[in-house]
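As a plain string of letters, each chain reads:
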2 protein chains.
Amino acid sequence: MIRITREADYGILLMTGLAQAESQALSAAVLAQQRRLPLPMASKILKALARAGLLVSQRGAQGGYSLARSPAAISAADIIGALEGPIAITECSGENHDGCSRLEHCEVSGHWPRINQAIHAALQSISLLEMSRPDPPQPIRLHPFRPATTATTGHPL
Amino acid sequence: MIRITREADYGILLMTGLAQAESQALSAAVLAQQRRLPLPMASKILKALARAGLLVSQRGAQGGYSLARSPAAISAADIIGALEGPIAITECSGENHDGCSRLEHCEVSGHWPRINQAIHAALQSISLLEMSRPDPPQPIRLHPFRPATTATTGHPL
DNA sequence: TCGATATAGAACTAATCTAGTACCGATTGC
DNA sequence: GCAATCGGTACTAGATTAGTTCTATATCGA
């Protein structure tokens, strides 16, 4: 139900890694190793997070990534949104009806905006600072790394 | 970001249709026509909702579907959960670690349960009664019906 | 009792999406 | 200048989704 992609999962892992590094810059290779993620994947995700303005990147030798803001000022919604694109409500509501206004049977009640807002609010209420605290009742990984050819368990959220 | 399947979207449409029918039973054909959904699709979804106990079905001529409980007692979480399976937290937390306990790198903090719970709470706070009220600021459809061969716009939630 | 109407359930297919990899270019420190 | 790193795009195999089809079962009414 309401699944999140593995990219977003990994993204949160990487962000918590950076949050714990206390503003020290870490390279993609270091972060990937720390979180046991394949380097190309981690690299791809870090690029996206930097492009979204959540990370600051430093190129060249001794380069790396660090958080663009304090962990308290970054929410789960920020991270997930950066990796999975804008929430739907921005695609088909308000002034922007692209892809929807063409449809002849758009007569249905506005339940989705309400749901979107509820979920968005829930995600925005969770900060990276909270997620970085290593005090969970149960250590849990929902999206464990799985090499491309291996069977998988589902990843519903 | 955090997408919901079209089935769940259609499911909510169909449920609101039944909620507005005020406990009168409606056939799959009637509901499908009302919501402009292809009959086989509507039929498939209604079957699933009935199996999940959200609808009561009446077979045979003059048969149809009606709500198993009052619209106020049915939440968005119920509908989405019925169509997209149990939420992840039940698959990999508490006593039930199937598919996760085997993994060697399960050392990560428990951020997902927190997020799961937040989203689940948000969805549970929205009742079918609310969703059935035709008073939205903007009538919106996120998952418009699209014949199998047609291009699509994304459907992020 | 028979036939029309409806739901129950499983199986199948095409299109789309996801996860992960590979490659090449640009920057920077030593 | 060269090695270390990030930036960006393109590609592929596998999984998932969306929708259809087929057959079985139940019920109403003539």
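Residues numbered from 1 in each chain as written. Chains lettered and ligands numbered in written order. Predicted model: local features only at pLDDT ≥ 70, side-chain atom pairs only at ≥ 80, totals over all residues.

Overview of the overall build of chain A
In terms of helices and strands, chain A carries six helices and two strands. Beginning at the N terminus, the succession of helices and strands in chain A can be written as α-α-α-β-β-α-α-α. The burial tally for chain A puts 41% of its 157 residues in the buried class. Across chain A, contacts joining residues at least 24 apart in sequence account for 68% of those joining residues at least 6 apart. (Helix = DSSP H or I, 4+ residues; strand = E, 2+ residues; numbered from the N terminus. Buried ≥ 20, exposed ≤ 12 C-beta atoms within 10 Å, placed from the backbone. Contact = placed C-beta atoms within 7 Å.)

Considering unusual backbone geometry
Trans is the common state for peptide bonds, and a negative phi is the common state for residues other than glycine. Not every positive phi belongs to a glycine, and A:Gln62 is a case in point at roughly 65 degrees. Tracing the chain through its elements places A:Gln62 in the loop between strand 1 (55-58) and strand 2 (64-67). Using a count of 8 C-beta atoms within 10 Å as the deciding quantity, one classes A:Gln62 as exposed. Notably, B:Glu22 is not glycine yet its phi reads approximately 55 degrees, a positive angle. The residue B:Glu22 is located in the loop between helix 1 (6-20) and helix 2 (28-35) in this model.

Thoughts on the nonpolar core
In this structure, A:Ile79 and B:Ile79 are the most contacted members of the largest nonpolar core, which totals 73 residues. Once residues lying within four places of it in the same chain are set aside, the contact partners of B:Ile79 are B:Ala8, B:Gly11, B:Ile12, B:Met15, B:Leu54 and B:Ile74. (Core = buried A, V, L, I, M, F, W, Y, C linked by C-beta atoms within 7 Å.)

Concerning the environment of B:Ile80
You can see B:Ile80 is positioned in helix 4 (residues 76-84). Considering only alpha carbons, one finds B:Ile80 and B:Ile12, 68 residues apart in sequence, at a separation of 7.9 Å.

Here's the deal with helix 3 (residues 39-51) of chain A
Residues and elements named next belong to chain A. Under the 1.5 Å per step criterion, the end-to-end length of helix 3 is 18 Å for 13 residues, consistent within 8% with the ideal 18 Å. Buried within helix 3 we find Ala-42, Ile-45, Leu-46 and Leu-49. With its buried residues spanning 100 degrees around the axis, helix 3 presents them on a single face. Opposite the buried face of helix 3, by more than 90 degrees, sit the exposed residues Pro-40 and Arg-51. The elements touched by buried residues of helix 3 are helix 1 (6-20), helix 2 (28-35), strand 1, strand 2 and helix 4 (76-84). Downstream of helix 3 by a residue or two, Gly-53 has a phi angle that is positive, lying close to 85 degrees. (Expected span 1.5 Å × (residues − 1). Arc of directions from axis to C-beta.)

What to know about the environment of B:Gly81
Looking at the secondary structure, you find B:Gly81 in helix 4. Measuring from C-alpha to C-alpha, the distance between B:Gly81 and B:Ala8 comes to 8.5 Å, with 73 residues separating the pair along the chain.

Comments concerning the pairing of strand 1 of chain A
Residues and elements named next belong to chain A. Here strand 1 runs beside strand 2; their pairing, made up of four bridges, is antiparallel. Its bridge partner being in strand 2, Val-56 is matched across the sheet by Ser-66. In textbook terms, the turn of a hairpin is the stretch between consecutive antiparallel strands, and for strand 1 and strand 2 this stretch comprises five residues, one of which, Gly-60, has a positive phi near 80 degrees. (Pairing = 2+ DSSP bridges.)

Some thoughts on the environment of B:Gln20
With respect to the helices, strands and loops of the structure, B:Gln20 is situated in helix 1. Under the C-beta neighbour-count criterion, B:Gln20 is labelled partly exposed, with 15 such atoms within 10 Å.

Some details on the packing of helix 1 of chain A against helix 4 of chain A
Residue and element names in this part refer to chain A. One can describe the packing of helix 1 onto helix 4 by two numbers: an axis separation of 9 Å at closest approach and a directional angle of 130 degrees. Our classification of the angle between helix 1 and helix 4 gives oblique. At the point where helix 1 passes helix 4, the crossing takes the right-handed sense. Contacts from Glu-7, Ala-8, Gly-11, Ile-12 and Met-15 in helix 1 reach Ala-76, Ile-79, Ile-80, Leu-83 and Glu-84 in helix 4. (Axes fitted to C-alpha atoms, helices over the stretch in contact; angles between N-to-C directions. Parallel < 35°, antiparallel > 145°, perpendicular 65-115°, else oblique. Left-handed = near helix turned anticlockwise from the far one by under 90°.)

Considerations on helix 4 of chain B
Residues and elements named next belong to chain B. Here helix 4 lies mainly inside the structure; nine of its nine residues are buried. Three or more residues of helix 4 are buried, namely Ala-76, Ala-77, Asp-78, Ile-79, Ile-80, Gly-81, Ala-82, Leu-83 and Glu-84. One or two residues past the end of helix 4 sits Gly-85, with phi positive at roughly 85 degrees.

Side note on the confidence of the model for chain A
Residues and elements named next belong to chain A. Residues with a pLDDT of 70 or more make up 68% of chain A, whose mean pLDDT is 76. Confidence drops under pLDDT 50 across residues 89-109; counting only partners more than four residues distant or on other chains, this segment forms 38 contacts. Below a pLDDT of 50 lies the segment residues 137-144, which in the model reaches 32 contacts outside its immediate sequence neighbourhood of four places, other chains included. Scoring the predicted complex yields pTM 0.80 and, for the interface, ipTM 0.79. (pLDDT = per-residue confidence, 0-100.)

Looking at the packing of helix 1 of chain B against helix 2 of chain B
Residue and element names in this part refer to chain B. Where helix 1 contacts helix 2, the axes come no closer than 10 Å and their chain directions differ by 110 degrees. Relative to helix 2, the element helix 1 is oriented roughly perpendicular. Contacts between helix 1 and helix 2 pair Leu-13, Leu-14 and Gly-17 from the former with Leu-31, Gln-34 and Arg-35 from the latter.

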